[in-house]
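Chain residues, written in single-letter form:
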Amino acid sequence: MDNSSKLAVFFDLDDTLYDHLVPFREAVREVLAPDESSLDYAELFYTVRHHSDLLWPKYLSGELELEETRVLRLELAFAEYGIALSREQAERVQAAYIGRQYTIEMIEGVEEQIRRFLALGHKVGVITNGPKEHQANKLRGLGIDKLIPAEMIFISDAVGLAKPDPAIFRHVNEATGTTPDNSLYVGDTWDNDVVGALSAGWKVCWYNPRGRQPRTEHVPDYIFADYQEFGKLPLI
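Definitions and limits used
- Residues numbered from 1 in each chain as written.
- Predicted model: local features only at pLDDT ≥ 70, side-chain atom pairs only at ≥ 80, totals over all residues.
- Heavy atoms only, no water.
- Helix = DSSP H or I, 4+ residues; strand = E, 2+ residues; numbered from the N terminus.
- Rg over C-alpha atoms; globule rule 2.2 N^0.38 Å.
- Buried < 20%, exposed > 50% of the residue type's maximum accessible area, 1.4 Å probe, protein only.
- Contact = heavy atoms within 4.5 Å.
- Areas by Shrake-Rupley, 256 points an atom, 1.4 Å probe, with all protein chains shown as cover.
- Lys, Arg positive; Asp, Glu negative; His and termini not counted.
- Charge placed at Lys NZ, Arg CZ, Asp CG, Glu CD.
- Core = buried A, V, L, I, M, F, W, Y, C linked by side-chain atoms within 4.5 Å.
- Pairing = 2+ DSSP bridges.
- Axes fitted to C-alpha atoms, helices over the stretch in contact; angles between N-to-C directions.
- Parallel < 35°, antiparallel > 145°, perpendicular 65-115°, else oblique.
- Left-handed = near helix turned anticlockwise from the far one by under 90°.
- Nonpolar A, V, L, I, M, F, W, Y, C, P; charged D, E, K, R; others polar.
- Phe/Tyr/Trp six-rings, centres within 6.5 Å; stacked < 30°, edge-to-face > 60°.
- Lys NZ or Arg CZ within 6 Å of the ring centre and 35° of its normal.

Trainee: Just to check I follow, could you spell out the overall build of the protein for this structure?
Mentor: Secondary structure assignment for the protein yields 10 helices and 6 strands. Whereas a compact globule of 236 residues would reach a radius of gyration of roughly 18 Å, the protein reaches 18 Å, a difference of no more than 12%. Each principal axis of the C-alpha atoms in the protein carries an extent, and together these give about 60 × 35 × 35 Å. In the protein, buried positions account for 50% of the 236 residues. Of the contacts made within the protein by residues no fewer than 6 positions apart, 65% connect residues no fewer than 24 positions apart. When the accessible area of the protein is evaluated, it comes to approximately 11,100 Å², of which 50% is carbon and sulfur surface. If you average the places of the 24 positive and of the 38 negative side-chain charges in the protein, the two averages end up 3 Å apart.

Trainee: Help me understand the nonpolar core in this model?
Mentor: As a rule of thumb, soluble globular proteins bury nonpolar side chains together. Counting residues in hydrophobic clusters, the biggest one holds 48 residues, and the most contacted among them are Phe11 and Phe230. Dropping the residues within four chain positions of it, Phe230 is found in contact with Phe11, Gln113, Arg116, Phe117, Val186, Cys205, Phe224 and Leu235. Core analysis: the next-biggest nonpolar cluster, separate from the first, contains 20 residues, Val28, Val31, Tyr41 and Val71 among them.

Trainee: Looking at this structure, I do not really get the sheet that holds strand β2 (residues 123-128). What am I missing?
Mentor: By way of backbone hydrogen bonds, the strands of a sheet pair with one another, either parallel or antiparallel. Spatially, β3-β2-β1-β4-β5-β6 is the arrangement adopted by the 6 strands of the open sheet, whose pairing is parallel. Two strands lie at the open edges of the sheet, namely β3 (153-155) and β6 (222-224), each paired on one side alone. For this sheet, the mean angle separating the axes of adjacent strands, direction not counted, is 20 degrees. In this sheet, strand β5 (residues 203-207) lies alongside strand β4 (residues 183-187) in parallel orientation, the contact comprising 4 bridges.

Trainee: I'm lost on helix α9 (residues 190-199) in this one. Help?
Mentor: Residues separated by three or four positions in an α-helix point in the same direction, a consequence of the helix having 3.6 residues per turn. Burial within α9 is extensive, with 7 of its 10 residues counted as buried. The elements touched by buried residues of α9 are α2 (41-60), α8 (166-176), β4 and β5. The positive-phi residue at the C-terminal boundary of α9 is Gly201, with phi of around 85 degrees.

Trainee: Which parts of the structure should I look at to understand the environment of Gly125?
Mentor: Assignment of secondary structure puts Gly125 in strand β2. Along the primary structure Gly125 and Pro220 are separated by 95 residues, whereas in three dimensions their C-alpha atoms are 19 Å apart. In this view, Gly125 contacts Val9, Phe10, Phe11, Ile148 and Met152; residues no more than four positions away in its chain are not counted.

Trainee: What exactly am I supposed to notice about the packing of helix α1 (residues 21-32) against helix α4 (residues 87-99) here?
Mentor: Each pair of packed helices can be described by the angle between their axes along with the distance between the axes. Two elements in contact, α1 and α4, have axes separated by 8 Å at closest approach and are oriented at 135 degrees. In terms of orientation, α1 and α4 fall into the oblique class. Considering the relative orientation of α1 and α4, their crossing is right-handed. Only Gln89, Arg92, Val93, Ala96 and Tyr97 of α4 make contact with α1, whose side of the interface consists of Pro23, Phe24, Ala27, Val28, Glu30, Val31 and Leu32. Across the contact of α1 with α4, the residue classes break down as 9 nonpolar, 1 polar and 2 charged.

Trainee: What am I meant to see in the packing of aromatic side chains here?
Mentor: Where two aromatic rings form a pair, the distance of their centres and the angle of their planes describe that pair. Under the counting rule described, the total for this entry stands at 18 aromatic pairs. Ring centres of Phe224 and Phe230 lie 4.8 Å apart, and the angle between their planes is 50 degrees; this geometry places the pair in the tilted category. Here Phe224 matches Phe230 in class, with each residue buried. In textbook terms, an aromatic cluster arises when at least three aromatic residues are bridged by ring pairs, as seen for Phe11, Phe117, Tyr207, Phe224, Tyr227 and Phe230. Just above the ring of Phe117 sits the side chain of Arg116; from NZ or CZ to the centre is 5.0 Å. The aromatic ring of Tyr46 is capped on one face by Arg212, whose charged end is 3.6 Å from the ring centroid.

In structure tokens form, the structure reads like this:
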């Protein structure tokens with residue numbers, strides 16, 4: 001295979017390489033001990049992620065501090081979901097949630113796919129939104145830092161650009177000597193991952209394990225529900 005036909009495959013981190021829902025669910029259970037008979041943790045967490053995405057530009061602009069952003073997203077999401085959450089409870093849920101994010105495991109099949117691309121000579125990297133040390137600690141917790149070189153890992157706060165801004169994808173191309181035509185992004189979030197990467201001219205694999213519907217008219221190149229299915233896509 002010549003260099004012109006090799007891919008640059010970049011993965012999102014949260015909810016793409018590991019399941020964010022696991023530490024969130026355990027944190028809510030610890031602090032609130034809710035009635036789970038009618039509680040859909042996946043939908044609640046999806047609402048948290050939505051508010052996080054909405055608030056993130058205010059954090060980046062300096063309008064909100066990081067901790068305020070994190071706690072406020074919980075308050076807004078729980079309120080939308082019909083659960084009363086005090087500021088003190090929101091802070092405790094956030095602390096418990098953060099404390100569990102460094103003892104995490106890769107989603108089944110992820111490591112196998114990363115190793116497959118690397119063995120075939122493709123470039124593999126990560127593009128993730130978030131605070132530099134926080135995201136780096138997760139990557140170390142997962143062992144991603146032992147698979148993927150540091151120069152192929154891009155964290156929004158370190159770069160000064162964040163998804164869905166196409167500029168972060170252009171920056172990655174420039175920094176890694178890759179081109180949009182041969183770049184593939186794998187991510188779970190519609191607005192940040194699918195829309196952002198497509199807007200930069202990249203191909204996109206949308207990881208959609210819960211069967212969510214598209215939010216816009218954008219069309220990802222591939223959709224997959226698990227990494228066994230991902231491994232069968234005609235990417236290479």
